[in-house]
Amino acid sequence: MHIHKYERWWLTFGIAMLVVFLGVIAFAAFADSVNPPSDMQQIDPTKVAQTPPFDRPGLRKLPDGSYEAYYIARVFSFAPSIMTIPVGSKVTFYVTSSDVVHGFFIPNTDINMMAVPGWVNMESHIFVHAGEYLLICHEYCGIGHQDMFAKIEVR
Ligand code: CUA
């Protein structure tokens with residue numbers, strides 16, 4: 001089969017770029033330890049409501065003044081549905097699901113995770129600005145997916 005010289009150049013360029021991009025991802029993951037905020041610890045998805053600290057989802061203040069927020073995602077809501085956070089505080093979110101895979105996304109923050117049954121995922125954010133934030137499920141989870149959200153008030 002004859003391949004035109006320019007076609008061969010482009011093929012070579014395309015394959016080389018693919019190798020470079022995959023190399024960058026591999027370097028970030030293995031050398032720089034850049035990984036998704038996932039799979040921090042395991043939990044029995046059938047016993048989430050009975051397993052501490054998810055038996056009492058909500059906000060907890062730590063001795064250093066920062067906060068931990070525990071959330072359960074389930075079809076088609078988050079528990080808790082409303083949370084009030086003091087402005088300027090650092091909050092570490094812990095999320096798990098008691099049924100299917102959900103999303104856990106707070107626009108205008110660093111928080112963008114998946115809520116996976118059987119796993120606890122974790123990510124932190126400092127709420128510098130007061131206001132009302134929306135927590136939304138951005139992973140299609142069923143017929144009520146578009147109604148799955150919660151509110152976070154920062155004040
Ligand atoms: Cu939960 Cu989409």
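Each remark here, short or long, concerns the structure printed above.
All values reported here derive from a predicted model rather than from experimental measurement.

1. Description of unusual backbone geometry
Leaving glycine out, the prevailing phi sign among residues is negative, and the prevailing peptide bond configuration is trans.
Now for step 1: In this structure, F76 follows V75 across a cis peptide bond, with omega equal to -10 degrees.
Now for step 2: Mapped onto the elements of the fold, F76 is located in the loop between β3 (67-74) and β4 (77-79).
Now for step 3: Put simply, A79 and P80 share a cis peptide bond, and its omega is 0 degrees.
Now for step 4: Within the fold, P80 resides in the loop between β4 and β5 (82-85).
Now for step 5: One non-glycine residue, N108, lies in the positive phi region at around 70 degrees.
Now for step 6: Mapping N108 onto the fold places it in the loop between β7 (102-105) and β8 (112-115).

2. Brief notes about the packing of aromatic side chains
Now for step 1: A complete count under the given rule lists 10 aromatic pairs for this structure.
Now for step 2: Ring geometry for F78 and F104: centres 5.7 Å apart, planes at 85 degrees, overall edge-to-face. Residue F78 is located in strand β4, and its partner F104 is located in strand β7; the two are separated by 26 residues in the primary sequence.
Now for step 3: Residue F78 is classed as buried on the basis of its relative accessible area, which comes to 2%.
Now for step 4: Each residue in the set Y71, F78, F93, F104, F127 and Y133 is aromatic and connected to the rest through ring pairs, giving one cluster.

3. What about the nonpolar core?
Now for step 1: Formed by 24 residues in total, the largest nonpolar core has its most connected members in Y71, F78, F93, F104 and I152.
Now for step 2: Elements with a minimum of two residues in this core: β3, β5, β6 (90-97), β8, β10 (131-136) and β11 (149-154).
Now for step 3: Sort the elements by how many residues they give to this core and β3 lands first, with four residues.
Now for step 4: F78 has contacts with Y71, I72, A73, G103, F104, L135, I136, C137, M148, F149 and A150, leaving out every residue within four places of it along the chain.
Now for step 5: Ranked by size, the runner-up nonpolar core spans eight residues in total, among them V48, I72, A79 and Y94.

4. Description of the environment of Q42
Now for step 1: Along the chain, Q42 turns up in strand β1 (residues 41-42).
Now for step 2: Residue classification places Q42 among the exposed residues on the basis of a relative accessible area of 61%.
Now for step 3: A C-alpha to C-alpha distance of 4.5 Å links Q42 and W119, two positions 77 residues apart in sequence.
Now for step 4: With near-sequence residues (within four places) excluded, Q42 lies in contact with G118 and W119.

5. Some words on the pairing of β7
Now for step 1: One ladder, built from four bridges, connects β7 with β8; its direction is antiparallel. Bridge pairing in β8 places G103 opposite M114.
Now for step 2: From the end of β7 to the start of β8, which pair antiparallel, there are six residues, and N108 there has a positive phi angle of about 70 degrees.

6. Describing the pairing of β11
Now for step 1: Side chains A150, I152 and V154 project from β11 onto a buried face, and the interleaved F149, K151 and E153 project onto a face without burial.
Now for step 2: Relative to β11, β10 is paired through six bridges, and the arrangement is antiparallel. Each bridged residue has a counterpart across the sheet, and for I136 the counterpart in β11 is F149.

Scoring rules and cut-offs
- All residue numbers refer to position in the chain's written sequence, counted from 1.
- Local features in a predicted model are, by the rule used here, given only for residues with pLDDT of at least 70; side-chain atom pairs are given and counted only at 80 or more, and totals for whole chains, interfaces and linings are based on all residues.
- With hydrogens and water stripped out, all remaining heavy atoms of the structure feed into the side-chain values.
- Helix and strand definitions here come from DSSP, where helices need a minimum of 4 consecutive H or I residues and strands a minimum of 2 consecutive E residues; each element is numbered from the N-terminal end.
- Planes of paired rings set the category: under 30 degrees apart is stacked, over 60 is edge-to-face and the rest tilted, where pairs are Phe, Tyr or Trp rings (Trp by its six-membered ring) whose centres lie within 6.5 Å.
- Note on exposure labels: buried denotes an accessible area under 20% of the residue type's maximum, exposed denotes more than 50%, and partly exposed covers the range between, all computed with a 1.4 Å probe on protein chains only.
- Throughout, nonpolar core names a set of buried Ala, Val, Leu, Ile, Met, Phe, Trp, Tyr and Cys residues whose side chains join them through atoms within 4.5 Å.
- Residues count as neighbours in contact if any of their non-hydrogen atoms are within 4.5 Å of one another.
- When DSSP finds at least two bridges between two strands, those strands are taken to pair.

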